[in-house]
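In case you want the letters, here they are:
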Amino acid sequence: MSEPVIQIEHVTKSYGTGGPVLRDVSLTVAGGEVVVVCGPSGSGKSTLIKCVNALEPIQGGRIVVGGQDLGDRRVDLPRLRARVGMVFQHFELFPHMRVLDNLCLAQTKVLGRPRAEAETRAMALLDRVGLHAFAEKHPGQLSGGQQQRVAIARALAMDPMVMLFDEATSALDPEMVSEVLDVMVELARSGMTMMVVTHEMGFARKVAHRVVFMDQGQIAEDAPTQAFFEAPRSERAQQFLSKILTY
Amino acid sequence: MSQFDFEIIHRSLSYLFFEGMRFTLTLTLLSALGGVILGTLLAMARMAGGPVLAACAAGYVNLVRPLPLVLVIFWFYFLVPYLGQWLTGASRPIHVGGFASALITFIVFEAAYFSEIMRAGIGSIPRGQAAAATALGLTYRQSMRYVILPQVFRIMLPVLLTQTIVLFQDTSLVYVLSITDFLGAASKIAQRDGRLVEMYSFAALVYFIMSFTASQGVRTLRARVAVPR
């Protein structure tokens, strides 16, 4: 594989005075790689992904994204974040703006693209996620699945070097999960570098190159997808898999 | 006591409205505008300004709110000339007109109330919205300007307008500075012609009708501005 896009080295983090949420976590995501991060609730996987674009500060270790150290004061964080796409559990579209404006805001204000160019790019991406007809609507008029697809398009409009997914399907009604996963699978197959926190093991099997299993703030297992599902080494991952794959 | 004289009201209408009400409305609108802007800055300083700035903003709000408005109006009117002298190094107290003094007072006073409204409003926006804006590369200022504040103003518009109606009533307190606002104008004619009952009753009626109508307007608006989520 090519150059690493994300390097997480010995990261520790805690919230306030509570115990550590991340304990000595190290993980590398190479260009073009799709890495799925899974694990039980409270294992720190969501926190970890939020640290990757410095939405959450870390207390120890370092994180390098696209060759830039997030802890380096000289790094222009907004510029860097603009190139790291993030998709949230609750979509977080801006409800007071039309779908089209949701896609254009950061393109024009952060990347400085002319409005016409931003709109062209936005419409192309809405087309890609199958929502061309919804450009003039407000997010509140869309279903959850549609909103999440718009959120993915909004992140893609920034031409990100990597896409982060933070439980992108966990807040959706069951029948809407697949339309969002379809978009994510298509994205993975197009060669996008992705770090995906999810419980959707079907997605992991289908497109992930590696699966990382987290437990109690630590990485318990980091293995190629096939090896992870067929022969997980850690006992905790075995238990986890046997529970969620039973049904 | 003589009969209720409608004629005196009729004769002074143009003075009451073109002099008095115009002053009252100008003062109300400019104070509300300035108060919302300063209040928003105070709210932002308190919520994201670092410990020192936040403490200053909180101190300001907590200092102003327990003071009676009339006291602040007086205090400002008599102290601002000396404050100006001290600040500019002039040899004599600077001249500040009644309008400027009243406007500054109301902005300073109302900002403390508006900042609490804005603080509640900013707090009501889900944290994920700011996170999403940040993740897209927007700076704090940009995310406030384009993402958070537009939603806050929409949600809080009825409350902001209600506070402005209270402000409209409170501007009558400038009568202590002998300024010709609506009440001041009515008061002057009342004193001059000895028609206290007529003029004060009429003033009360006008304040009631305007405030009541505006409140009803806010109620209708409240139902219509809810942000669809």
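Heads up: the structure comes first, above all this text.
Keep in mind that what you see is a predicted model, and the values were worked out from it rather than measured. (Residues numbered from 1 in each chain as written. Chains lettered and ligands numbered in written order. Predicted model: local features only at pLDDT ≥ 70, side-chain atom pairs only at ≥ 80, totals over all residues. Heavy atoms only, no water.)

What's the story with the overall build of chain B in this structure? I'm lost.
Scanning chain B from terminus to terminus reveals eight helices and zero strands. Reading chain B from its N terminus to its C terminus gives the helix and strand order α-α-α-α-α-α-α-α. In terms of its C-alpha atoms, chain B occupies a principal-axis envelope of roughly 75 × 55 × 25 Å. Looking at chain B residue by residue over its 229 residues, the buried ones come to 45%. Taking all contacts inside chain B whose residues are at least 6 apart in sequence as the whole, residues at least 24 apart take part in 79%. Of the charged side chains in chain B, 17 are positive and 9 negative; the average position of the first set lies 18 Å away from that of the second. (Helix = DSSP H or I, 4+ residues; strand = E, 2+ residues; numbered from the N terminus. Buried < 20%, exposed > 50% of the residue type's maximum accessible area, 1.4 Å probe, protein only. Contact = heavy atoms within 4.5 Å. Lys, Arg positive; Asp, Glu negative; His and termini not counted. Charge placed at Lys NZ, Arg CZ, Asp CG, Glu CD.)

Looking at this structure, how should I read the packing of helix H5 (residues 127-135) of chain B against helix H6 (residues 140-170) of chain B?
All names here are of chain B. At a minimum axis distance of 10 Å, the contact between H5 and H6 shows a crossing angle of 160°. It follows that H5 is roughly antiparallel to H6 by the angle criterion. The hand of the H5/H6 crossing is right-handed. Contacts between H5 and H6 pair Gln-129, Ala-130 and Ala-133 from the former with Ser-143, Val-147, Ile-148 and Gln-151 from the latter. (Axes fitted to C-alpha atoms, helices over the stretch in contact; angles between N-to-C directions. Parallel < 35°, antiparallel > 145°, perpendicular 65-115°, else oblique. Left-handed = near helix turned anticlockwise from the far one by under 90°.)

I'm lost on the pattern of salt bridges in this one. Help?
Between side chains of opposite charge, a pair can form as their charged atoms come close. Evaluation of the coordinates by the stated rule reveals 25 salt bridges over all chains. The shortest N-O distance in the salt bridge between Arg236(A) and Asp215(A) comes to 3.3 Å. Pair noted here: Arg236(A) is in helix H9 (residues 235-244) and Asp215(A) is in strand E9 (residues 210-215), with a separation of 21 residues, a long-range link. Relative accessible area serves as the criterion here: at 30%, Arg236(A) is assigned to the partly exposed category. For Asp215(A), a relative accessible area of 14% gives the class buried. With its nearest N and O atoms 3.7 Å apart, the salt bridge here joins Asp5(B) to Arg195(B). Pair noted here: Asp5(B) is in the segment before helix H1 (6-48) and Arg195(B) is in the loop between helix H7 (182-193) and helix H8 (196-224), with a separation of 190 residues, a long-range link. (Salt bridge = Lys/Arg side-chain N within 4 Å of Asp/Glu carboxyl O.)

Just to check I follow, could you spell out the packing of aromatic side chains for this structure?
A ring pair, where both rings are aromatic, is described by two values, the distance of the centres and the angle of the planes. Residues and elements named next belong to chain B. Enumeration according to the criterion identifies 13 aromatic pairs over all chains in this entry. Where Phe-17 meets Phe-182, the ring centres are 5.4 Å apart and the plane angle is 50°; that geometry is what we call tilted. Linking Phe-17 in helix H1 with Phe-182 in helix H7, this pair joins segments that are 165 residues apart in sequence. A ring pair is formed by Phe-182 and Tyr-207, whose centres lie 5.6 Å apart and whose planes are at 75°; its orientation type is edge-to-face. Taken together, the residues span a long stretch of sequence, with Phe-182 in helix H7 and Tyr-207 in helix H8 at a distance of 25 residues. Exposure remark for Tyr-207: the relative accessible area of 11% places this residue in the buried category. (Phe/Tyr/Trp six-rings, centres within 6.5 Å; stacked < 30°, edge-to-face > 60°.)

Interpretation note: all reported values are geometric properties and have no functional meaning in isolation.
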